[in-house]
Amino acid sequence: LAAGAGLWAGLRKAREWKWQPDALSRVLLALFVINLGSVAMAAAYSGIHVAAGSLARTLLFGIAVYAFFYVRRGPGAASHGAPLIRAMFWTAACSAALACIDFYWQFPAPAGFARQYVHVPGNVSRRAQGFFYDSGALGNVCAFFLEMIAVALITRARVLPSASLALVAAGVALGSALMLSFSRGSLIALLVALAVLLVLERKRVAFGRLLAFTI
């Protein structure tokens, strides 16, 4: 229902879409098309039921692709792109904080959650998941918005507020939830994204100050 409402919102404002292809847009579309094409291979080698599951996951990924173009090239870019991004950011920060609280207190898990646990001497704890189905999804969200903080600070974009206690608190919540999710793939993805950002924005980064701060 949410995806359908977003699609309808985009169709109602079709005249506000401005398609200007660039490298990032082409790569994102190519990735979606490749995933969509793999559904046929899944049907040929694994059957209709497996292909249906692959198609569902591809369409779920397509929601993120659509949201990207809606904010960057569609109606979201014209008037309310920045407020929408801020709302997403603070929602993710609150979700991360709740995931940390849930990990500490081990509240009863919602129905249909992935059974992922951390085994430590004398205790077995459920990994931080928050409202997500599994810890990997929480880790990916935290990694994405931590990268957003880094982009906003380095490029001085006005999408997020400048360095402040609120932004630091959001970063702490997101970083803590990422660590408590024990999602190594998400952590590696964040490190790779930060490295790419530093390479792309190397002219803006004072590496001496960055190294001193890191040490």
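Higher on the page you've got the structure.
Because the structure is a prediction, the values reported are computed rather than measured. (Residues numbered from 1 in each chain as written. Predicted model: local features only at pLDDT ≥ 70, side-chain atom pairs only at ≥ 80, totals over all residues. Heavy atoms only, no water.)

Visitor: Honestly, helix α8 (residues 184-200) in this entry has me stumped. Any pointers?
Guide: For an α-helix, the turn length of 3.6 residues means that residues three or four places apart are oriented alike. In a regular helix each residue adds 1.5 Å, so 17 residues correspond to 24 Å; α8 covers 24 Å between its end C-alpha atoms and thus fits that length. For α8, the complete set of buried residues consists of S186, L190 and L197. End-on view of α8: buried residues confined to an arc of 45°, all on one side of the axis. Across from the buried face of α8, at angles greater than 90 degrees, the exposed residues are R184, G185, I188 and L191. (Helix = DSSP H or I, 4+ residues; strand = E, 2+ residues; numbered from the N terminus. Expected span 1.5 Å × (residues − 1). Buried < 20%, exposed > 50% of the residue type's maximum accessible area, 1.4 Å probe, protein only. Arc of directions from axis to C-beta.)

Visitor: Just checking my understanding: could you explain unusual backbone geometry for this structure?
Guide: Across residues other than glycine, the phi torsion is negative in most instances, and most of the peptide bonds are trans. The residue Q106 is not glycine, and still its phi comes out positive at about 55°. Within the secondary structure layout, Q106 lies in the loop between α5 (81-105) and β1 (117-120). In this structure, F182 is a non-glycine residue whose phi angle is positive, near 55°. Position of F182 relative to the elements: it lies in the loop between α7 (165-180) and α8.

Visitor: For this particular structure, what's the right way to read the environment of A87?
Guide: The topology assignment puts A87 in helix α5. On the basis of relative accessible area, A87 is assigned to the partly exposed category, the value being 39%. Note: C-alpha distance between A87 and A51 (36 residues apart in sequence) is 35 Å.

Visitor: Any chance you could explain the pattern of salt bridges here in plain terms?
Guide: Working definition: two side chains of opposite charge can pair if their charged atoms are close together. In the structure shown here, the tally under the stated rule is 4 salt bridges. D22 serves as the salt-bridge partner of R72, at 2.7 Å between the closest nitrogen and oxygen. Taken together, the positions of R72 in helix α3 (residues 48-72) and D22 in the loop between α1 (2-12) and α2 (23-46) put the pair 50 residues apart, joining distant regions of the chain. A residue is classified by how much of its surface remains accessible, and D22, at 18% relative accessible area, is buried. Where R204 meets E201, a salt bridge forms, and the shortest distance between an N and an O atom there is 3.3 Å. By relative accessible area, which is 52% here, R204 ends up exposed. (Salt bridge = Lys/Arg side-chain N within 4 Å of Asp/Glu carboxyl O.)

This is a description of form; function is not addressed.
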